[in-house]
Every structure is written in C-alpha cells, then in structure tokens.
Amino acid sequence: MLSKKVLDAINEQINKELFSAYLYLSMAAWAEAHNLPGFAHWMKAQFKEETAHALKFFDFVADRGGTVILKAIDQPEVEFKSATELFEKTLAHEKYVTSLIHNLYALAVKENDYPTQVLLQWYISEQVEEEKNATYIVDTLKALGEKGQALVMMDHELGKRG
Ligand code: FEO
C-alpha cells in the first residue's frame, strides 16, 4: 500500500509527465507550422514517450492499490523563436523533470517505500538518457547553425527517430 504522501507525489508526477507530453506536442505543432517535418516527427515521438511515462506511474499506482487522480494539464508554450530554442527548452524542461524525479526518490527513501524506489530507478536512468539526447541536439544545432542546408540536414536526421 502506498502512503498518502507518496501517492499524492506520484499523482502530481503523472500530471507533470502529461504536461511534458503536451509541451512536446505543442513543439511538434510549431515545427509543422514552420515546415520542419523531421523536428515535428521527433517531438511527436517524445510526446508518445511522455504519455508512456505517465502510464507507467498510472499502472504502478493501480498495482499498489492506490487511486490515480488526474488533474488539469497546464497550457504549454505555443511560440518559439527558432528550432534551436525548441531543443534548449526541451533540455531545460528535462532538467526540471530530473529534479522532480530525484525529489520523488528522496521521498520514497524517507517513507521506506522500497517498491517505489525500484520503480524510480528506471526513471532516474531514463532522465540521464533524456538529458543526453537533448544536449547532443542543442550542441549540434549550435555548431551547424540554422540556415539553409544545415537546417534541412538536421530536419532529415531528426526525422529518422524510431
Ligand atoms: Fe518523462 Fe522526458 O521525462
């Protein structure tokens, strides 16, 4: 059985994961509108990953006999200055999510909740991956610049994401 503190915190995290999904879908919409189908494809894949993160918490709560309470999802940003800014904001957002997951882990330790700690270890590793990927794309975009061929090439690369 989950303690109320841990249950409330996981419910909050489900909301954050769904907001993340919404944010990346908003970025995909921006990319579509700016004729960047590869960027849009990458962001849509990210959207799906975030919904999977939310569902993984959802199923865990159900498995532990808790009740998921869904809260309103904030409206994400809709305007971005550039393709590079999309990924700078992605990286900043992922760093924020990492801090939330770490706080959640600290709470699970404090509450002696071992199953939640095991679950969160998956998210901790996932966040390392998320930050690594976003950092690589930000650095590449900065190195190549956003003009002409460089942007077309980057769009092509991002469109390959499985
Ligand atoms: Fe669910 Fe991108 O962290």
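Overview of the structure.

The rules behind these values
- Residues numbered from 1 in each chain as written.
- Predicted model: local features only at pLDDT ≥ 70, side-chain atom pairs only at ≥ 80, totals over all residues.
- Heavy atoms only, no water.
- Helix = DSSP H or I, 4+ residues; strand = E, 2+ residues; numbered from the N terminus.
- Buried < 20%, exposed > 50% of the residue type's maximum accessible area, 1.4 Å probe, protein only.
- Lys, Arg positive; Asp, Glu negative; His and termini not counted.
- Salt bridge = Lys/Arg side-chain N within 4 Å of Asp/Glu carboxyl O.
- Contact = heavy atoms within 4.5 Å.
- Phe/Tyr/Trp six-rings, centres within 6.5 Å; stacked < 30°, edge-to-face > 60°.
- Core = buried A, V, L, I, M, F, W, Y, C linked by side-chain atoms within 4.5 Å.

**What to know about the side chain of glutamate 94**
Moving on, step 1. Here glutamate 94 shows up in helix α3 (residues 83-110).
Moving on, step 2. Buried and without a salt bridge, glutamate 94 has arginine 161 as its closest oppositely charged side chain, separated by 8.7 Å.
Moving on, step 3. Contact partners of glutamate 94, with chain neighbours within four places excluded, come to Tyr24, Gln46, Glu50, Gln127, Glu130 and Glu131.

**A few points about the packing of aromatic side chains**
The relative placement of two aromatic rings is captured by the distance of their centres and the angle of their planes.
Moving on, step 1. Counted according to the given criterion, the structure contains five aromatic pairs.
Moving on, step 2. Summarising the aromatic geometry, the rings of tryptophan 30 and phenylalanine 80 are spaced 6.2 Å apart at their centres and angled 85° between planes, so their arrangement reads as edge-to-face. Residue tryptophan 30 is located in helix α1 (residues 4-33), and its partner phenylalanine 80 is located in the loop between α2 (37-63) and α3; the two are separated by 50 residues in the primary sequence.
Moving on, step 3. Overall, the relative accessible area of 7% leaves tryptophan 30 in the buried class.
Moving on, step 4. Ring geometry for tryptophan 42 versus phenylalanine 87: centroids 4.8 Å apart, planes at 70°, classification edge-to-face.

**Quick notes on the pattern of salt bridges**
Moving on, step 1. Tallying each qualifying case throughout the model produces 11 salt bridges.
Moving on, step 2. Arginine 64 serves as the salt-bridge partner of aspartate 113, at 3.2 Å between the closest nitrogen and oxygen. Taken together, the positions of aspartate 113 in the loop between α3 and α4 (114-144) and arginine 64 in the loop between α2 and α3 put the pair 49 residues apart, joining distant regions of the chain. Grouping residues by exposure puts aspartate 113 and arginine 64 together as buried.
Moving on, step 3. One salt bridge in this structure joins glutamate 88 and lysine 142, with 3.4 Å as the shortest N-O distance. Linking glutamate 88 in helix α3 with lysine 142 in helix α4, this pair joins segments that are 54 residues apart in sequence.

**Some remarks on the nonpolar core**
Moving on, step 1. One finds Phe39, Met43, Leu86 and Phe87 to be the most contacted residues of the largest nonpolar core, which totals 22 residues.
Moving on, step 2. For this core, the secondary-structure elements that each account for two or more residues are α1, α2, α3, α4 and α5 (148-158).
Moving on, step 3. For this core, the element with the most residues is α1, which contributes seven residues.
Moving on, step 4. Every residue in contact with phenylalanine 87, bar those within four places of it in the chain, is listed here: Phe39, Trp42, Met43, Ile137, Val138, Leu141 and Leu158.

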